[in-house]
Structures are given as C-alpha cells and as structure tokens.
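Geometric and topological summary
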Amino acid sequence: MKRLATYLFVSIALGAPAIAVAQVQDTLPARPFVRGGVYDRPYLTRLLGRTVVGGYLEFHARLQRVDGANEDSGFEAKRWNIFTATEVSDFVRVSAELEFEEGGEEVTLEFAAIDFRIAPTFTIRGGMLLSPIGRFNLAHDSPLNEFTDRPLVSTEILGTALSEPGIGVLGLFPVGSGGRITYQVYAVNGFHAGLIEDSPDGTRIPLGRGNVEDNNASPAIVGRLAWSPSLNFELGISAHHGAYNVFEGDGLRVDERRDLTIGVVDLEAALAGFRLTGEAALANIDVPATLRDIFASKQQGLYVEVLRDFGQAWVATLPASFFSVGVRLDIVDMNADRPGDNTRQVTLGINFRPTEDTAFKLDYLRGTGRDVFNNPADHAGILFSIATYF
Amino acid sequence: MERSYRWGVCIPVVLVAVTACDFLLTGPPDDGDLFDAPIPGLTTGELAAFVRGDEGFGRRFSPAEGLGPIFNQAACADCHSGDGRGRPEQALTRISIGSDLALALGGPQIQDKAIPGAQPEVVPDGVDISVRLPPPVFGTGLIEAIPVASIVANADEFDADGDGISGRPNWVLPADFVPADEPGGGTGLQLGRFSRKAQVSSLLEQISAAYHQDMGITSDFLPVENRNPQAGGATAAADPAPDPEIDAATVRAVVDYVRMLAPPAPGDDTPQRLRGSELFTQIGCESCHVREFQTGPSSVAALANQRVVLYSDLLLHDMGDELADNRPDGDATGREWKTLPLWGLRVAREFLNGDLFLMHDGRATTISQAIELHGGEAATARNAFLALSADDREALLEFVRSR
C-alpha cells in the first residue's frame, strides 16, 4: 500500500504543472496520442447513442515447417475483437476492447478504461489498461500491422497484448514546432508467478499475465516516455517493474520477493517513402536459485521492419487500393544466461489493401531456432491472412 | 481489370510452386541421420503410437503440472538431445557409501533443482560420487528383443578362454510394478540390459524411474513423490499437483516410442574404414564391442528377427581404476560398466552443437581419448591401439567415427 500511495502522490504532483499548460495544448494540431492506439481506430457507426462501436477481424492460413516437418499449419479464425468508445462528457470518456481469440477459445477483456481528461497534458486513466511497454503493445491491431504474425519479441517476451488492471496518468507536452513528448505511467497489478510455475518451457513472461486479482498486493509500475520531434519520427522508452510472486501471506514472509523488470526502446520513423519501426526489449527475472539453469533470469529480443507502399490505384476499380512490401527481422533469446533457446527469423511480406482498413497479407518467413542444447533447427513458413477493421 | 486478373492467376500458381519446394520450406534430413526416426516396417497403428509417445517424450512439465518438488530436468528430451546422449550439464549425480546407496542422505540420485518452496539436494560429504551422462535412447527396442541366450553366450565371467576378457551379465530383480508379460519382467532375476551398468531389465522400469527420479513426476507405477531427506518433510508439500501426476498410459506411450526408435545408419564403407574394421577385430576391440546380434520374437513385428549392429556385448566388464566409481548397481561392482554401443557416433556431434562427450560421465571429447581411458579388461586392446601406426590408428578411429 505504501508503494501505491507513492505512485498516487507522483501522479498528483505531475498534475499541477500539467493543468498550468492546458491552455497551450488546445492549440495543438489534431494527432492521436498513439498512432493506431485505442483512440485512433476507424469506427464505423454509432449504434448506441453516444457510444461508438467498431472492431476488427483477422483470419490466418499458414503452412509452416521445422526441419521439413509440418508444424502449426492450417486455418485459424484468429481474432474477432469488438471496440466501444463513449464520450460521457467533455471530461470523461470510456473505451473498451473485448477479444475473441482462436475461434472463441479465449475471450478476454483486453482494454476497458475510464479517462478523466483534466488537460491534454494530464489525464487520469483507470481500468483494464493496455500496458505502455513498447509502442507495439499499444498499437497492435492486425489491420494496422503489415505482417501476419506479430513480432516475436512482442509475443514471446512482452506478452502482447499485455493488459493489466491499474490506474495512472498520461499526457503530452509540446516540444518545438509540431513536436511533442508523451508520457504514460500506471500502477498495475503486474505479473503473477505463472511465468515460472505454469511454464513448462522455462521462463515465459506471457504466462504470468492475467493477474486480475493481484496475487501479492504489491503493485507494479509501468510507464512509457516518447519523444516525437515531428510526425515522421518517434522514439520511446518504457519499463515495467514489480514483484511477481507471493512473498507474504497471513502477515508472514513466506518467500523471497522476486521481481520482474522489463525495459523497452521503440522507434518509428518515415523517410523517403520508407517506414521503419523497431523495438528492443530486455527482461530481468529474479528466478529462484533452485531453478536456475533451466529457467532464464534474462531474456532479450528485438524486431526491425522496413516497409514501403506502392501501386496506388493499380486496381482500377479500387481507387483507394495500394500495395505494401516489407521485411522484418526478429531476434529473441529466451534464455540469455546460456547458449541456446533462441530464434532468429526474417519475414518478407507483400500486402494488398483495397482500402486502408483492410489488408490481404502474404508472408514468407525463414529462420533458425536453437533448442536448449543449442542445436539448430531451420524453420520456414508461408502465411496468408486477411484483417479488416469494421 | 486485366492487371487484377493477372494477379489472381499468378498468386495461386506461386503458392503451389512454393509449397512444393523443400528448398523454401526446409527439407527433412535423412532418417538414417536422425536419432528420433521410427524403425522401418511399423504399421500405421504403431506409427500413430510412435507419434503419441514422441509428444510424451518431448513434453516439458511445469511446477503446476507436477514437476518436482525435487528434480533434475523438466522433460525426457531435456536430457537426451535429439534422443541421443546428453551433455555434461545434464549429467546426473548418483551417490553411495560402499554398497549402501545412501538413501537417507539423498541417494541414490541427487536432485539438484527444486520448485519454489522446496529445497534441492546437495551432494553430502563423505560419499562416493558417480556422474552419469544421459545415454542415447534409440535402438533400445532392438536391444530389448535380443534373446537372453544370445547375450549370455558371450559371457565368460571367469575368463575360461584366457583372453583377459571376462564379461558377465547383470542379473537383476525387476521392480514390482513390471508385469510378468512385459519384456524384462517376471519373477526372479532377469537379465539387465539398460542403463550404464545394465542394472535395469525392462524399459517400463527405466522410463517410470526416469519420470520419478529425473523429473519428479509420479505415475501409476511410482505414485509416491520423491522426497529430499536433507530438508525434512514439509517441503514436499510445495508440489501442488495431486499424485499420481501422470497415468500408466502416458508412461506406456513413451515406452512404446523409445522401443520403436531406430538407430541411425552407419556411414558408407570406404577403404580406410574397411581397414579400420579389420583392425577393430585384430586388436581385440570386438571382444567386448561385439558387432551384431539377431533379435528374436517381439510384440512389434518390425523388431523381430532383425540384425542389430550395435557394437556391444551388453555385458559388464572391469574397466580399471581410472573409470571406477565405486558404486554398485544391482550385481555390478564399482569397477564394472556395461559395454557401450558404438552406433550413432557418426552423427552424435550434430545433436551436441558440434561437441562430443563419451564414456559414462562425458569426460572424453574424442574417440581417441575414450579409447585411451579404457583400462582393466580393455587395457590390452587399448595398448594395441596405441601401438598402431599413425595411419592404422586413424583408420580405426575413422571406422568407429563412422558407426
């Protein structure tokens, strides 16, 4: 509770200067807080009075092989997600995203937050939050992405989509002409010990998600600071830190406190018709000494992708259509304490978008993974997917 | 319109062409280069069982699924790389004090890892230590199907023929849970064939014990959790999974899988290898590393009446002081080891990231080193190897390397 009080104090302290510059913010040009984020989606209709409803749908077909053996091949009704957003008043808005994944096998409230906007520089947000740990976790809608699969560093290390119950503040400050700095900082429930105890494959941070009822009454803190001097460039740094295990019970110390700390640097830039995005993450996990060697205490990874659009209106009947080509490099090391347990892959993609909101994606990926013995195994795959906002 | 039509035709054509291409989608290695290929001639039903067992062999357990409370590794496949031998990092430590297996001190095997809330075992002072590298598991069904009489026929416990080699079988009592109709089961002493000192007679017992001792996974066959006597009883409660943690069918699936694993194929004969093969016999290697057996009947038809070119007599031999671990296993003494099969050496490095670890504890990293470590009954053959010309020595090594 002492930590929570500290976080709230920090939040309130930040609020004072934020209100002072509120007047300046009203003059800023319209621009989403996070490009492709929860308030930058193409909603279609107002079905429920002041509530806007939308969503996206994603379908995959894949053929993948590891050393010649078929693996993870077939069709997937990957996601059907529904969004709502409501302007309750000039100061209060509510947004939510409900995710139906893998044909409905997994149903998750991915995001459900109340924003109390005091000023552009200072908004209080509470609810089920998308954790600001890297830009990709904040803007990962499939119709937005140019590749069928999400980056490995996001899925394997950061656990995108990572959402947690919590409360905190966000805002933006103008910098120079058209530039800005945005921030988000939240106190959240953090991860639970499933990242070790439910994981058969060594440390797997995504298995510690879903700590809906805080397992250890010890909040974690997560935040992101992003600097964008212009529309064409943004550099972000973010971090997540907190205890993941139950270390106290009935007022007794029942275990050592073990923390998980993740740091991420993300970059987004546009230059000469090319779009460049990337993210690098490093995770440090306090692993019980009795499990070292087979459970990693350090994981790291990155992705870099370069994209270019072309072929505007090549399909004469679809004047808004265009194509994109891209290449992405993924590197993840699931156990940086020792050799092995890592993956490197390159994905080539070509997409056709009849409109900006709908993507037909064709990808070819090729890479090498190393097992816990550090033996290599080649993998490759052809992926086809359709994703569209609605 | 014409342009969109072209795309509509081209994309499916490219897709079909690409999916048919091993070059783009990775191609499988030859079965003969693998440790985890099925023996030829299995029925579709047996192959289905093989695939089920393969999943079990590769399954890693989490603490929530029953791993521990004390354990060494989280999966069968975490010890046996590609179903072959392991690395020294995966070696198991067994302890004893004379003929006492030191159960009260954490024996017979030290479990050096523990789930949260439990305490791992440490090697206590004053005990004999035997480090055991995980052996390959392929070809075990063929070994199981060799008739007892064929193996015993090579025994010469008292060296009646005076050749200095006195191999003897390890007669062991199978565990109570091994049914009489299971290979290696039955009342009374059975011929030990498996593990480093041939102290286990049945695959069912070997695999049930590996689940129990190596992974801390209880089964219908061994349903009581392994405890750490060094830590007191309370830490056993840390394991949240109810016992037994896996059922008999899961164990039997892995038994079937291991039983049906084929040994990799040897390399082609070359003049150098043929010369090495002659020397292998001439200097006495073959006295223990018996080239081949013939299997008898088997419940798996593809295992019956097959040549088994394993280069082992499956008997115990005194290997001298340097390799002695002073730890008895069944009837085997602290100086005796089962002759290790040489099959699979040709591709062993490919499953150890280019490395090679030989002998019971992996202390040798080349075949030459391994030969030089031979003592006891094998000292004469070792000395003969060392006396060979450089060309002949290389020919013999190349022959062994190609098996």
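By convention here, each chain's residues receive numbers from 1 onward along its written sequence. Lettering for chains starts from A, numbering for ligands starts from 1, and both go in the order in which the items are written. Local features are withheld for residues below a pLDDT of 70 in this predicted model, meaning they are given only at 70 or higher, and side-chain atom pairs are given and counted only at 80 or more; totals for whole chains, interfaces and linings count all residues.

**A word on the overall build of chain B**
Heads up, the condition is: To qualify as a helix, a DSSP run of H or I must reach at least 4 residues; to qualify as a strand, a run of E must reach at least 2; elements of each kind are numbered from the N terminus. The globule rule used for comparison is 2.2 Å times the number of residues to the exponent 0.38, while the radius of gyration itself is calculated over C-alpha atoms. Field definition: a residue is buried when 20 or more other C-beta atoms are found within 10 Å of its C-beta, exposed when 12 or fewer are, and partly exposed for counts in between, with C-beta atoms placed from the backbone. We call two residues in contact if the C-beta atoms placed from their backbones are at most 7 Å apart.
Across its full length, chain B holds 12 helices and 11 strands. Taking 403 residues into account, the globule formula puts the C-alpha radius of gyration at 22 Å, and chain B, at 23 Å, falls close to it. Over its C-alpha atoms, taken along the principal directions, chain B stretches across nearly 90 × 65 × 40 Å. Taking all 403 residues of chain B together, 50% fall into the buried category. Considering only contacts within chain B whose residues lie at least 6 apart along the sequence, 69% involve residues at least 24 apart.

**Considering the pairing of strand S4 (residues 74–87) of chain A**
Residue and element names in this part refer to chain A. Let me state the cut-off plainly: Note: two strands are recorded as paired if DSSP finds a minimum of 2 bridges between them.
In this sheet, S4 lies alongside strand S2 (residues 51–66) in antiparallel orientation, the contact comprising 11 bridges. Counted as the bridge partner of Ala61 is Phe75 from S4. With nine bridges connecting them, S4 and strand S5 (residues 92–101) associate as antiparallel partners. Pairing of Arg79 across the sheet is with Glu101, part of S5. Taken together, S4 and the strand that follows it, S5, pair antiparallel across an intervening segment of four residues.

**A closer look at the nonpolar core**
The condition that has to hold: Connectivity within a nonpolar core runs through C-beta atoms within 7 Å, and the core itself is a set of buried Ala, Val, Leu, Ile, Met, Phe, Trp, Tyr and Cys residues. Where each domain starts and ends follows an automatic or database-derived domain assignment.
Ranked by size, the top nonpolar core spans 137 residues in total, and within it Val153 of chain A together with Ile207, Val254, Tyr257 and Val258 of chain B carry the most contacts. A per-element tally of this core places helix H7 (residues 248–259) of chain B first, with six residues. Counting residues domain by domain, this core receives three or more from each of domain 2 (44–154 + 182–259) and domain 3 (271–401) of chain B. Not counting residues within four places of it along the chain, the set of residues in contact with Val258 of chain B comprises Val137, Thr140, Leu203 and Ile207 of chain B.

**With respect to the packing of helix H8 (residues 271–282) of chain B against helix H12 (residues 390–401) of chain B**
Residue and element names in this part refer to chain B. As a reminder of what qualifies: Axis definition: a line fit to C-alpha positions, over the contact stretch in the case of helices; interaxial angles, taken between N-to-C directions, run 0 to 180 degrees. Angle categories are assigned with fixed cut-offs, so that under 35 degrees is roughly parallel, over 145 is roughly antiparallel, 65 to 115 is roughly perpendicular, and the rest are oblique. Under the convention adopted here, Pro, Cys and the residues Ala, Val, Leu, Ile, Met, Phe, Trp and Tyr are nonpolar, Asp, Glu, Lys and Arg are charged, and Gly plus all remaining residues are polar.
For the pair H8 and H12, interaxial distance at closest approach is 7 Å and the crossing angle is 95°. In terms of axis orientation, H8 runs roughly perpendicular to H12. Of H12, the residues touching H8 (which contributes Gln272, Arg273, Arg275, Gly276, Ser277, Leu279 and Phe280) are Asp392, Ala395, Leu396, Glu398 and Phe399. Taken together, the residues that form the contact of H8 with H12 break down as five nonpolar, three polar and four charged.

**What about the confidence of the model for chain A?**
Worth spelling out the cut-off: As a per-residue measure, pLDDT reflects the predictor's confidence and takes values from 0 up to 100.
On average, residues of chain A carry a pLDDT of 90, and 91% of them reach 70 or more. Under a pLDDT of 50 for its full length, residues 7–29 of chain A has, in the predicted model, 28 contacts with residues more than four places off or in other chains.

**Some words on the sheet that holds strand S3 (residues 109–110) of chain B**
One key point about sheets: their strands pair by backbone hydrogen bonds, in either a parallel or an antiparallel sense. Residues and elements named next belong to chain B. As summarised here, the arrangement of the three strands in space is S3-S2-S5, forming an open sheet in which the pairing is antiparallel. Strands at the two margins of the open sheet, each flanked by one partner only, are S3 and strand S5 (128–132). Direction of pairing for strand S2 (residues 92–96) relative to S5: antiparallel, over a ladder of five bridges. When the sheet's bridge partners are listed, Thr93 is paired in S5 with Val131.

**Re helix H11 (residues 379–387) of chain B**
Residues and elements named next belong to chain B. Going by this rule: The arc in question is traced by the directions running from the helix axis to the C-beta atoms.
Turning to H11, its buried residues number three or more, namely Ala381, Arg382 and Phe385. Down the axis of H11, the buried side of the element spans an arc of 100°, and every buried residue falls inside it. Summarising the geometry of H11, the exposed residues directed more than 90 degrees from the buried face are Asn383, Leu386 and Ala387. Where H11 is buried, its residues meet helix H10 (367–372) and H12.

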